[in-house]
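Examination of the molecular architecture
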Amino acid sequence: QKEVEQNSGPLSVPEGAIASLNCTYSDRGSQSFFWYRQYSGKSPELIMSIYSNGDKEDGRFTAQLNKASQYVSLLIRDSQPSDSATYLCAVNILIQGAQKLVFGQGTRLTINP
Amino acid sequence: NAGVTQTPKFQVLKTGQSMTLQCAQDMNHNSMYWYRQDPGMGLRLIYYSASEGTTDKGEVPNGYNVSRLNKREFSLRLESAAPSQTSVYFCASSEAVGGGIETQYFGPGTRLLVL
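Summarised in this report is the structure supplied together with it. These figures come from a predicted structure and were not determined experimentally.

**A few points about the sheet that holds strand β7 (residues 61-66) of chain A**
All names here are of chain A. Taken in spatial order, the five strands make up an open sheet running β1-β3-β8-β7-β6, and their pairing is antiparallel. Of all strands in the sheet, those with a lone pairing partner are β1 (4-6) and β6 (54-58), marking the two edges. For this sheet the average axis-to-axis angle between neighbouring strands, irrespective of direction, equals 20°. Pairing of strand β3 (residues 19-25) with strand β8 (residues 71-76), which is carried by six bridges, proceeds in the antiparallel orientation. Opposite S20, over in β8, you have L75 as the bridge partner.

Spelled out as structure tokens, the structure:
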């Protein structure tokens, strides 16, 4: 099992709908979870971080964390064409005695006008 | 503030050539990282530096060396480039202290092609 897994997509969503992106992770002790957005040819930029079980909302974005199920998701409400990008899930994983941030392979999201 | 800067933006090398990728941050962060990104592979950690004067291997360190020159600068060196090192390289920094995981901020990337 990969340490952080995402569905690589592509995920296609109509404009105005809710886009749902999912991520599972292997380390039950993980405490820090991040969602990064990466436009084609650009560097990743942080859009959400979450540390506690439950939901965290920021504008049109909601991060959801369920530590018991080892599952973190990102919801994008009222999707816009400008949301088309690759979304990277990142989780802190204990590897060889050190905390490291491990990235999933990313989910490519396309918002169709 | 420029954040995290990287040079060069693009580079073409022949197999066996060497080069150094430069990275600098002006956010006074303790930790700095080098990643490579290949299609379908996500970001993979090459080396990191938790603080000035320390460096550690990441997931894919073979073929690379690093230097944490000071708190601001962290360079990545390819001593003898191979086609398998064709990739996009990202430098990142964070405030992580004492093993904690904090938000990482990324530079614009270096696109490297090894022929």
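Here the narrative resumes.
**Observations regarding the pattern of salt bridges**
Under the definition given, this model contains six salt bridges over all chains. Ionic pairing is found between R37 of chain A and E45 of chain A, a salt bridge with its closest N-O pair at 3.2 Å. Taking the relative accessible area as the measure of exposure, R37 of chain A reaches 14% and is therefore buried. If you follow the salt bridges from partner to partner, you end up with R36, D38 and R44 of chain B in one network.

**Description of the side chain of R36 of chain B**
All names here are of chain B. By secondary structure assignment, the location of R36 is in strand β4 (residues 31-38). Polar contacts involving the side chain of R36 include one to the side chain of Y64, which spans 2.9 Å. Excluding its chain neighbours within four sequence positions, the residues that come into contact with R36 are G42, L43, R44, I46, V60, Y64, S84, Q85, T86, S87, V88 and Y89.

About the cut-offs
- Residues numbered from 1 in each chain as written.
- Chains lettered and ligands numbered in written order.
- Predicted model: local features only at pLDDT ≥ 70, side-chain atom pairs only at ≥ 80, totals over all residues.
- Heavy atoms only, no water.
- Pairing = 2+ DSSP bridges.
- Helix = DSSP H or I, 4+ residues; strand = E, 2+ residues; numbered from the N terminus.
- Axes fitted to C-alpha atoms, helices over the stretch in contact; angles between N-to-C directions.
- Salt bridge = Lys/Arg side-chain N within 4 Å of Asp/Glu carboxyl O.
- Buried < 20%, exposed > 50% of the residue type's maximum accessible area, 1.4 Å probe, protein only.
- Polar contact = N/O pair within 3.5 Å; in protein donor to acceptor, adjacent residues only side chain to side chain.
- Contact = heavy atoms within 4.5 Å.

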